[in-house]
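# Notes for the structure review
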Amino acid sequence: MENNQSFEYTYSAEQQQEIEAIRKKYLPKEEDKMEQLRRLHAIPTRKAQSASIAIGVLGALILGTGMSLCMTDLGAALDHWAMVIGILVGVLGLILVALAYPLYNSVLRKERQRIAPEILRLSEELLR
């Protein structure tokens, strides 16, 4: 006599969800069109923020250098010219800090124009 008995075990719903969550981590990631649209939409903002933060920080450092020349003993070695040089360096730093926001707007506008055709194409596909 042959025994064709098999053993089956089903997991609970909670365990099924955990198994699926673990399984998803190891499956190849397929980017759907909505994720792709979100990713493309974030690119111009990231580039504009990076450029404006870089210019703003550089300007702040230059402004600090100018203040240091005016107000500390570092400038004393340069005699009375330290105040003039410090003011000029500080003004240059202020100009760079002031240019950070217009730079942000400019880069954002250009990047949105560059990426617009792809975003419009994807959004048309999603709206169908």
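Anything mentioned here points back to the structure above.
These notes cover the structure that comes with them.

The next thing to look at is the pattern of salt bridges. Summed over the entire model, instances satisfying the criterion amount to 5 salt bridges. In this structure, glutamate 125 engages lysine 33 in a salt bridge whose closest nitrogen and oxygen atoms are separated by 2.5 Å. Here glutamate 125, found in helix α3 (residues 81-127), pairs with lysine 33, found in helix α2 (residues 33-71); they are 92 residues apart in sequence, far enough to count as distant. You can call glutamate 125 partly exposed: its relative accessible area is 27%. For lysine 33, a relative accessible area of 40% corresponds to the partly exposed category. Arginine 121 is the partner of glutamate 118 in a salt bridge, and the nearest nitrogen-oxygen pair spans 2.5 Å. Taken together, the residues span about one helical turn, with glutamate 118 and arginine 121 both in helix α3 at a distance of 3 residues. Look at arginine 121 and you get partly exposed, because its relative accessible area is 37%.

Moving on, we come to the side chain of glutamate 111. Along the chain, glutamate 111 falls in helix α3. The buried category is assigned to glutamate 111, whose relative accessible area is 14%.

Rules used throughout
- Residues numbered from 1 in each chain as written.
- Predicted model: local features only at pLDDT ≥ 70, side-chain atom pairs only at ≥ 80, totals over all residues.
- Heavy atoms only, no water.
- Salt bridge = Lys/Arg side-chain N within 4 Å of Asp/Glu carboxyl O.
- Helix = DSSP H or I, 4+ residues; strand = E, 2+ residues; numbered from the N terminus.
- Buried < 20%, exposed > 50% of the residue type's maximum accessible area, 1.4 Å probe, protein only.

Function-wise, these values are silent; they only describe arrangement.
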